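Read off the chains here:
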Amino acid sequence: MILKTEHSTHSERKRRDSFGMFDGYDSCSEDTSSSSSSDESEEEVAPLPSSLPIIKNNGQVYTYPDGKSGMATCEMCGMVGVRDAFYSKTKRFCSVSCSRSYSSNSKKASILARLQVTGKPPTKKAKVLQKQPLVAKLAAYAQYQATLQSQAKTKSAVSLEGFSWGNYINSNSFIAAPVTCFKHAPMGTCWGDISENVRVEVPNTDCSLPTKVFWIAGIVKLAGYNALLRYEGFESDSSLDFWCNICGSDIHPVGWCAASGKPLVPPRTIQHKYTNWKAFLVKRLTGAKTLPPDFSQKVSESMQYPFKPSMRVEVVDKTHLCRTRVAIVESVIGGRLRLVYEESEDKTDDFWCHMYSPLIHHIGWSRSIGHRFKRSDITKKQDGHFDTPPHLFAKVKEVDQSGEWYKEGMKLEAIDPLNLSAICVATIRKVLADGFLMIGIDGSEAADGSDWFCYHATSPSIFPVGFCEINMIELTPPRGYTKLPFKWFDYLRETGSIAAPVKLFNKDVPNHGFRVGMKLEAVDLMEPRLVCVATVTRIIHRLLRIHFDGWEEEYDQWVDCESPDLYPVGWCQLTGYQLQPPAPQTSRESQSGSSKQKKKAKSQQYKGHKKKRKMPVGKKPVSLSSLPMTGGVRRSLSGDEELTPPPYRTLPAQTAPEAFPPPSTSREFSPSLKTGN
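Residues numbered from 1 in each chain as written. Predicted model: local features only at pLDDT ≥ 70, side-chain atom pairs only at ≥ 80, totals over all residues. Heavy atoms only, no water.

Draft legend 1. Spotlight on the overall build of the protein. Counting its secondary structure elements, the protein contains 14 helices and 30 strands. Per-residue burial over the protein gives 51% buried out of 677 residues. Partitioning the contacts of the protein with sequence separation of at least 6, the portion at a separation of at least 24 is 63%. Surface accessibility of the protein: about 33,300 Å² in total, with carbon and sulfur atoms responsible for 52%. (Helix = DSSP H or I, 4+ residues; strand = E, 2+ residues; numbered from the N terminus. Buried < 20%, exposed > 50% of the residue type's maximum accessible area, 1.4 Å probe, protein only. Contact = heavy atoms within 4.5 Å. Areas by Shrake-Rupley, 256 points an atom, 1.4 Å probe, with all protein chains shown as cover.)

Shown next as structure tokens:
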């Protein structure tokens, strides 16, 4: 319900109702509303619209033209500004000094000669030539015009290489996996019932007022963290619909404006539709849902990560999968850790993973279970480095190894850690403590066992014999095995092996919520610093087939539904991580040609170190295990064997999440307005 307001005097120019609306806006007049703005807001004092770029030069202020005023360019310094503010009748110069400097052609030529020929430092008079160049100003103006045109077409944020999740989903009618599918992601466990038709208060971009104002919008469509919003009052008109991240700092529950003293102003396009906007809002918001009042606080809390730079961990050695090494947390972005191996002096030998990844452990873990470990040449911890507390790592399910248990030599099926698109014939090579197993891929193992991989007995990446056949998945037979099609019964008899008991495998299948065709953001685990646009293409119990949009199916990866390397749409934007867009057509064509070359290479004997296929910057590398190998060649997560790892392409500097203000206790909601739980 709308609270009653007392009759104000003429001096009360900032009076608003409980929805934060200007009282004067009931008549839909922008002029009267702008004159009644608050004197306490610094934004409202500004005489110029904040949306226009401002250029300052010699104490004078110019603005880029807004479409109504003419523009001019100073022929001396390259200044671009409003034509009427320029000097002289011809409007050729921005100031008297530029006009006088330009008139002296001989002096100008002399200065140019000194700058370009002799290389001597310019004199004081020459400094006039060092003002902002014309090309830079024209480029800036062109960019400004392009921005205006882009905003007119869509309100969605444009990310790397022009990719926009909103446009991508809208143009193809895609569906994104809901945030509740990702328990490890921000808000994954407290998303509540945020859904379509939930109302929020957002900035009103369809307004010519010089101050920032807000209006109520409803969620038309959800795609992960991103929501397609429509301003209240537009009904079925989608002309001003826009995408935004629902966890952003500009998204608020209904009632926030009233509590914060911010104005609610209807969009200019629909001002004529109603004369009593308060009554309109009461009718539309009665019984509607909005965000919980502490939503922003929950977002902030869910983006606090316990891992900090300088912490020491044990992590898999990407050049010898069978062992671990000590690494230092270099940076944390959205829960993802950039780890630098302790012996890397230039900090380029790194490894990316999530803080809940099964690949990282506390210091001393390897010794405690009997896992191989590479001792560091550094005998003493460096100043500032400290061991990560063990309780911060993901916990594995306790198992009872006293009864029937896995034994060395037992056969099973396992996801190849070096070719995640394949489930292969595998063997248990060693049984460790606490339920951990060392697994080898039949036909591809190195003679010294350096490519054995550690899986826990409850890992969703190992399966009993026959799993692929039952679920109609192609099983990759041992390399060099000629009796095809592969039959487990024959293979067990030929090798004198037994299958691992089915009852020992993890049979839990959570109600994960994923569906075939859903979009998400996924880590390319063969190049784990990259997070890419991806699609769920197949679901087998808890196992997901992840396809990277724009790439061939051979680069797909089998991933568990609870993998910490899967994220909702909008996760990169929310955390400041760099998203890799779908591969363009040119890349796909070159990829196809490279695939043919790769298949041809399989028939040749493998020699030398592994070669990585040339790809566009930031694109996906060849799956290493798909390259031809012999039994004596060690496989690794690095494409360079013992050589120096490939140069690390630095991600954008980590930006700390915007500070979310604590919720106000003075908010006034309509009693019938519901909040998402």
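Draft legend 2. Geometry of the pattern of salt bridges. Counted according to the given criterion, the structure contains 29 salt bridges. A salt bridge links Arg 284 to Glu 232; the shortest N-O distance between them is 2.9 Å. Of this pair, Arg 284 sits in helix H8 (residues 277-285) while Glu 232 sits in the loop between strand E8 (226-231) and strand E9 (242-245), and the two are 52 residues apart along the sequence. With relative accessibility at 27%, the residue Arg 284 sits in the partly exposed group. Here Asp 508 makes a salt bridge to Lys 397, at a shortest N to O gap of 3.9 Å. Of the two residues, Asp 508 is situated in the loop between helix H12 (488-495) and strand E24 (518-523) and Lys 397 in the loop between strand E17 (386-387) and strand E18 (411-416); the sequence distance between them amounts to 111 residues. Members of the salt-bridge network, linked through shared partners, are Asp 317, Lys 318, Arg 323, Arg 325, Glu 343, Asp 349 and Lys 374. (Salt bridge = Lys/Arg side-chain N within 4 Å of Asp/Glu carboxyl O.)

Draft legend 3. Examining the packing of aromatic side chains more closely. Counted by the stated rule, this structure contains 29 aromatic pairs. Taking 5.6 Å as the distance between ring centres and 90° as the angle between the ring planes, the aromatic pair formed by Tyr 406 and Phe 505 counts as edge-to-face. Here Phe 505 lies in the loop between H12 and E24 and Tyr 406 lies in the loop between E17 and E18, a separation of 99 residues in the sequence. Phe 505 carries the same exposure label as Tyr 406, and that label is buried. Summarising the aromatic geometry, the rings of Tyr 481 and Tyr 491 are spaced 5.4 Å apart at their centres and angled 85° between planes, so their arrangement reads as edge-to-face. Of this pair, Tyr 481 sits in the loop between strand E23 (475-476) and H12 while Tyr 491 sits in helix H12, placing them 10 residues apart in sequence. (Phe/Tyr/Trp six-rings, centres within 6.5 Å; stacked < 30°, edge-to-face > 60°.)

Draft legend 4. Spotlight on the nonpolar core. If you look at the biggest cluster of nonpolar residues, it comprises 134 residues, and the most contacted ones within it are Leu 229, Phe 307, Tyr 406 and Ile 546. With 7 residues, the single largest contributor to this core is strand E19 (residues 419-431). Apart from the residues within four sequence positions on either side, Leu 229 is in contact with Val 200, Val 202, Ala 217, Gly 218, Ile 219, Val 220, Asp 241, Phe 242, Cys 244 and Ile 251. Cys 322, Trp 365, Ile 369 and Cys 454 belong to the second-largest nonpolar core, a separate cluster that totals 7 residues. (Core = buried A, V, L, I, M, F, W, Y, C linked by side-chain atoms within 4.5 Å.)

Draft legend 5. Quick look at helix H6 (residues 165-172). Regarding H6, the residues found buried are Trp 165, Gly 166, Tyr 168 and Ile 169. Seen along its axis, H6 keeps its buried residues to an arc of 165°; they face one direction. Backbone geometry just after H6 places Ser 173 at a positive phi near 55°. (Arc of directions from axis to C-beta.)

Draft legend 6. Up close: the pairing of E18. With 6 of 6 residues buried, E18 lies mostly within the body of the structure. Here 6 bridges tie E18 to E19, and the two strands are oriented antiparallel to one another. Within E19, the residue paired with Leu 412 across the bridge is Ala 426. Between E18 and E19, which pair antiparallel one after the other, the connecting turn spans 2 residues. Where E18 meets strand E22 (residues 462-463), 2 bridges bridge the pair, whose relative direction is antiparallel. (Pairing = 2+ DSSP bridges.)

Draft legend 7. Main features of the side chain of Glu 445. Relative to the helices and strands, Glu 445 resides in the loop between strand E20 (436-441) and strand E21 (453-456). In this structure Glu 445 comes out as buried when scored by relative accessible area, which is 14%. Engagement of the side chain of Glu 445 in a polar contact is seen with the side chain of Arg 429, the distance being 2.6 Å. There is a polar contact of 2.9 Å between the side chain of Glu 445 and the side chain of Trp 452. (Polar contact = N/O pair within 3.5 Å; in protein donor to acceptor, adjacent residues only side chain to side chain.)

Draft legend 8. Summary view of the environment of Tyr 356. Looking at the element boundaries, Tyr 356 is found in the loop between strand E14 (350-354) and strand E15 (360-361). Sequence separation of Tyr 356 and Gly 335 is 21 residues, and the distance between their C-alpha atoms is 8.3 Å.

Draft legend 9. Spotlight on helix H9 (residues 295-302). Those residues of H9 that sit buried are Phe 295, Ser 296 and Val 299. On an axial view of H9, the arc spanned by its buried residues comes to 100°, and they lie on one face.

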